[in-house]
There are 2 protein chains.
Amino acid sequence: MDALADIFSQSQGRELRQDAPTPLYFQLYSLLKQAILNGTVANGTQMPTEQQLAESFSVSRITAKRAMDELAAENLVERRRGKGTHVIYEYAPKPVQAPLTDMLQEIESMARHSDVKVMTCRRARPPAPIAHTLGLEDGAKALLLHRVRSRDGQPFGHYASWTVGLNEPLSKRDFRETPRLEIFRRYDLRITHVTQTISAEAASAELAERLNTSVGAPLISLIRHSYTTRGDTEQIVDYLHAHYHPERFQYQMDLKIDGA
Amino acid sequence: MDALADIFSQSQGRELRQDAPTPLYFQLYSLLKQAILNGTVANGTQMPTEQQLAESFSVSRITAKRAMDELAAENLVERRRGKGTHVIYEYAPKPVQAPLTDMLQEIESMARHSDVKVMTCRRARPPAPIAHTLGLEDGAKALLLHRVRSRDGQPFGHYASWTVGLNEPLSKRDFRETPRLEIFRRYDLRITHVTQTISAEAASAELAERLNTSVGAPLISLIRHSYTTRGDTEQIVDYLHAHYHPERFQYQMDLKIDGA
DNA sequence: CACTATTTGTCCGTATGTATG
DNA sequence: TCATACATACGGACAAATAGT
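Since the model is a prediction, treat every value here as computed from it, not as a measurement. (Residues numbered from 1 in each chain as written. Chains lettered and ligands numbered in written order. Predicted model: local features only at pLDDT ≥ 70, side-chain atom pairs only at ≥ 80, totals over all residues.)

Secondary structure summary: chain A contains nine helices and nine strands in total. In chain A, which comprises 260 residues, the share counted as buried stands at 30%. Sequence separation of at least 24 residues holds for 62% of the intrachain contacts in chain A that already meet a minimum separation of 6. (Helix = DSSP H or I, 4+ residues; strand = E, 2+ residues; numbered from the N terminus. Buried ≥ 20, exposed ≤ 12 C-beta atoms within 10 Å, placed from the backbone. Contact = placed C-beta atoms within 7 Å.)

Now for the protein's contact with DNA strand D. Neighbouring residues of DNA strand D: Pro21 of chain A together with Pro23, Leu24, Tyr25, Val59, Ser60, Ile62, Thr63, Arg80, Arg81, Gly82 and Lys83 of chain B. Contributions of two or more residues to the surface near DNA strand D are made by α2 (24-37) and α4 (61-73) of chain B. Its residues assigned to classes, the surface near DNA strand D shows six nonpolar, three polar and three charged. (Near = placed C-beta within 6 Å. Nonpolar A, V, L, I, M, F, W, Y, C, P; charged D, E, K, R; others polar.)

The relative placement of two packed helices comes down to the angle between their axes together with the axis-to-axis distance. All names here are of chain B. Packing of helix α3 (residues 50-57) against α4 leaves a shortest axis separation of 8 Å and a crossing angle of 115°. By the criterion of interaxial angle, the relationship of α3 to α4 is roughly perpendicular. As for the relative orientation of α3 and α4, their crossing is right-handed in sense. Of the residues in α4, those touching α3 at Glu50, Gln51, Leu53 and Ala54 are Arg61, Ala64, Lys65 and Met68. (Axes fitted to C-alpha atoms, helices over the stretch in contact; angles between N-to-C directions. Parallel < 35°, antiparallel > 145°, perpendicular 65-115°, else oblique. Left-handed = near helix turned anticlockwise from the far one by under 90°.)

Okay, the protein's contact with DNA strand C next. Neighbouring DNA strand C are 17 residues, the closest being Pro23, Leu24, Ser60 and Thr63 of chain A together with Thr49 of chain B. When residues of the surface near DNA strand C are traced back to their parent elements, those giving at least two are α2 (24-37) and α4 (61-73) of chain A together with β1 (77-80) and β2 (84-87) of chain B. Among the residues making up the surface near DNA strand C, the classes are represented as six nonpolar, six polar and five charged.

Domains assigned within chain A are domain 1 (10-87) and domain 2 (100-244). For domain 1 of chain A and domain 2 of chain A, the distance between their C-alpha centres works out to 44 Å. (Domains from an automatic or database assignment.)

Glancing now at the pairing of strand β8 (residues 218-230) of chain B. Residue and element names in this part refer to chain B. Strand direction decides the pairing type here: strand β7 (residues 193-202) and β8, joined by ten bridges, are antiparallel. Within β8, the residue paired with Glu201 across the bridge is Leu219. With eleven bridges connecting them, β8 and strand β9 (residues 233-244) associate as antiparallel partners. Residue pairing in the sheet places Arg224 in a bridge with Leu240 of β9. Between β8 and β9, which pair antiparallel in sequence order, lie two residues; one of them, Gly231, sits at a positive phi of approximately 65°. (Pairing = 2+ DSSP bridges.)

Right, dumping it as structure tokens:
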């Protein structure tokens, strides 16, 4: 067995699915690309030969060639007759990035299966610290929403949001009937970036009442900044502060670890 | 425009990529399947006709048909000549939970930039619910650790952990000087999978004292199950319950959307 | 009872993409 | 590079089941 080929077949822990609808060359290409992008194979490393790849993954040599040609087309590797294929991509570790799309869809699915009560829906001047994070001038207004989300009659989440990206006149009814994310989309407001901070807070009198719990009870606190991309720059368009009842809502995550 | 077709084309916010190597029928099939599984379209709902789907997504009728046939093959929908295609999958709402994403790197970097005090380090019988999740027989023991993590003299996190994957004799000193994840690695215990649940709890008397706060104060609660892979199966090797002081510690995450 | 519109099922021919040896 | 097989995708045409007029 060849050590270099193993890096891909073993260490990546993946195999190609012969039955899957995605073409084999593309599966192999994606697998190799990932290994290069996440630094599993360093810059300058010689890739396995077409023959080795073909054997390791049980595909024909042409399929292996196609995969490597695609890499070459993206300038991730350099191919030379008689020399072999070499990585020409310098790995630079990046900040943690996660697929936002999955998460947003989950949020949306949750939104569909719970009831919303819109307590507030009006344009108002946000408090100074929020106005500041939103980059608003003095006295500028934003769309303020207060919502309570319930399931089976039990409230589990309270949301206070300030939105600057929407200038259309919107009513309580709009937000009662339609998930906020869908309204964003409807007005072509695309969220491309999100930062979230999770913490814990004691319930205030108002929150306690709206979440049907007692004052001082521990709540999960979530602050989310949502950004959109306008031209070259990122612009914050929404500030959300959510509070969740810990017995009726929990944040869960499932993490798989690929590389060492 | 047809309202039903909109649910898929608009609300899902996705489009099919004509140029992508994954077949169109499969892209469409996946999109529809997701909408059924997460309850966007309820049981009994009539799906759009092949013709409507074809127009909405700019594909041929045959492609739309193929996608729906795949759904029918999985018993997610029922197809009848003249009647149309109807969802026959009952969506079962799961307990309200939202997904989070990666933060393992932060866990480790945090471990290096703070001080640990090991309060407990011994083998003991875990309480029944924990013994159960760990898959332990009656009376079996696990390694119990109680630790407090501080920064600048201020305690911010309390960790109670039960580990079954380590049988070596380990002392308080081992865990004071070395991050737990590194000890795991040292004994070739590879964590390949982790599930975490974040919630909020009121501080007990003991936690309040160790975290230098008051009884009943809100704390961030984190429960983590760590798994390793032995042969074909996953085995749980560690149960961790952490409590964080919300003013001294917060979970933060940064999510970006990849290039489409 | 026909008549019609709707919708799925089936078949054709053709073009392109994938994968093998 | 070539020949071959198979899957994908298209447009079109017609048949068969369903429901309503």
